[in-house]
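Structural overview for review
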Amino acid sequence: TKMAPAPGVQQVLPDGVAGPQATKSGGRTCGGPVDSSAVSGPEMHGDVCTITLQKPEADSRCGVKLGETRDGNWVIVGAVERGSLADRFPDFKSGARITAIRGGGQAYSRPTLRQAASLLASATGNIDISFKPLLDRFGFICAMDEFAARIETRDQVRLQNGELRKWQRRTGSVQAWRTYSARKPDKLRLRIQQGVPDPVRGFVWKAMAAARSPTGFRKQGRYQRLLEQVNAGPDAVGARLAAALEQVDKDVPRTMTGHIYFRTGDMQGQKALARVLKAYAVFDPGLGYTQGMSSYAAVLLLYMREEDAFWVFATLMQSCGLDGLYIDGFPLLHQYYDTWEALLRKTLPRASAHIQATLGPFLGLGRVEYSKMAKSGDPTRFALPGMYATPWLQSMLIGGGSPAPSALAPRIMDNLLLDGNLRVVFALCLAQLKLEQHELCSLAAEQLAQALKTLPTRMVSADRTANQLLEAAFGLHIKPRSIDMRRGGGSAKR
């Protein structure tokens, strides 16, 4: 299958490989694995990233294949060889435009293809590469194949425009929304599952959050007063909250780094996220702030004003009960572990049996029978799902060290606010696990643990779009009531 390049970009091929569309200058490659552990960066300045490759010898290969745009104005990254030195930088992907390159006593701003390829081939020591990454329609950094997979056809655009006009009528006013949601609740659920159009997504999220919040939950001026408390300093909030606010400052720069909003030079996205999280810590001092909460707030800020994002986030924590993922004792997290194990056993019994039989001894638990442990209230059972599923739940699949692809983030939030729980997360993980079941069931303990931890990263590929995975997930027909299990019962209804 031929993958269409991103608009205005020449398809890039390695030297000596024929293809339907070679680069204008024939395509140059400076690729291959390098035995070096020293890497630096990336440094971020607005939408420009800078990485440093440390090349020990002139004949060492960096792992970068270069091409250029059709107009010849930009050198682009055509591919990054797997396992190479350049592959260690997750933002350095195909489609990135090289803005500057420096090394070996040479420096070029907006280099030509020949200049960039020559420098990579001949320079030794530190090679600094500044680049603008390719962004998808949501503002997330992506590779060329990911970009091409998300390009809509003309008929798809026409269909989307027609749906958008209907959504604009539904969301034209608060009263219009209430009328539609009351008259056609089943149809509304189906439409939301199919994806809310970006232009009205923020309004729909606010409307769904408002429907779940108690009357008078949102108070005029409260958000500003919370920020005033935050800005008053540590003495005004107490030692415990002051520590939580410090943790926010540490976590925010690591949150959703693949989105341009949180990478701009003035760091307005990071500042807004920090304000929302700190205000919530003061709003709910019993919880404060815990790592992972930032992923939920970050997605909201992509579609709505800061104050609106705060109140929807507060609704998720309190009205939807997601604070139970983080408060002392982790009651909801433990309940969701039981939910996951019950759904896994019901939906994919072979995979469930292999995971228990393989990872139980690996964790020192012996051969695990999770359902019996749940019925007896044995807390050691939580170690099994906890070793891989915690970031799925606490970070909405899109945070942690192995996040799901960006295209899923808004769709997860659509359904989270629709259901009021993490049913969509369970469904997505089960759907992906079903696709990989045969391979996973052949893995030994360490490989199986790693494959489960990185499961979200494989949820979208050139062969499977976010829509296709979501269709498979909804096709499992997991009922909302199956998420609200009897305490310790370890059984799920589908």
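Our subject is the structure that appears above.
Our subject in this report is the structure included herewith.

Conventions and cut-offs
Residues numbered from 1 in each chain as written. Predicted model: local features only at pLDDT ≥ 70, side-chain atom pairs only at ≥ 80, totals over all residues. Heavy atoms only, no water. Core = buried A, V, L, I, M, F, W, Y, C linked by side-chain atoms within 4.5 Å. Buried < 20%, exposed > 50% of the residue type's maximum accessible area, 1.4 Å probe, protein only. Contact = heavy atoms within 4.5 Å. Helix = DSSP H or I, 4+ residues; strand = E, 2+ residues; numbered from the N terminus. Polar contact = N/O pair within 3.5 Å; in protein donor to acceptor, adjacent residues only side chain to side chain.

So, on to the nonpolar core. Ranked by size, the top nonpolar core spans 124 residues in total, and within it Tyr296, Leu325, Leu408, Met413, Leu422 and Leu428 carry the most contacts. Sequence-distant contacts of tyrosine 296, that is, excluding residues within four places in its chain, are made with Phe313, Leu316, Leu322, Leu325, Tyr326, Leu393, Gln394, Ser395, Met396, Met413, Leu416 and Leu422. With 24 residues, the next largest nonpolar core counts Cys49, Val64, Ala116 and Phe131 among its residues.

Along the chain, alanine 383 falls in helix 16 (residues 383–394). Alanine 383 sits in the partly exposed class, given a relative accessible area of 34%. As a C-alpha pair, alanine 383 and tyrosine 337 span 46 residues in sequence and 9.4 Å in three-dimensional space. Residues contacting alanine 383, with those up to four places away along its chain left out, are Leu363 and Leu365.

Attention now moves to unusual backbone geometry. Positive phi values are uncommon outside glycine, yet methionine 256 reaches one of about 45 degrees. Among the structural elements, methionine 256 can be located in the loop between helix 9 (239–251) and helix 10 (268–283). The backbone of leucine 397 sits at a positive phi, close to 70 degrees, despite the residue not being glycine. Relative to the helices and strands, leucine 397 is located in the loop between helix 16 and helix 17 (409–419).

Tracing the chain through its elements places serine 213 in the loop between helix 6 (198–212) and helix 7 (222–231). Reaching out from serine 213, the side chain makes a polar contact with the backbone oxygen of alanine 209 at a distance of 2.8 Å. A polar side-chain atom of serine 213 sits 2.9 Å from a polar atom in the side chain of threonine 315. Those residues in contact with serine 213 that sit more than four places away from it in its chain are Thr315 and Ser319.

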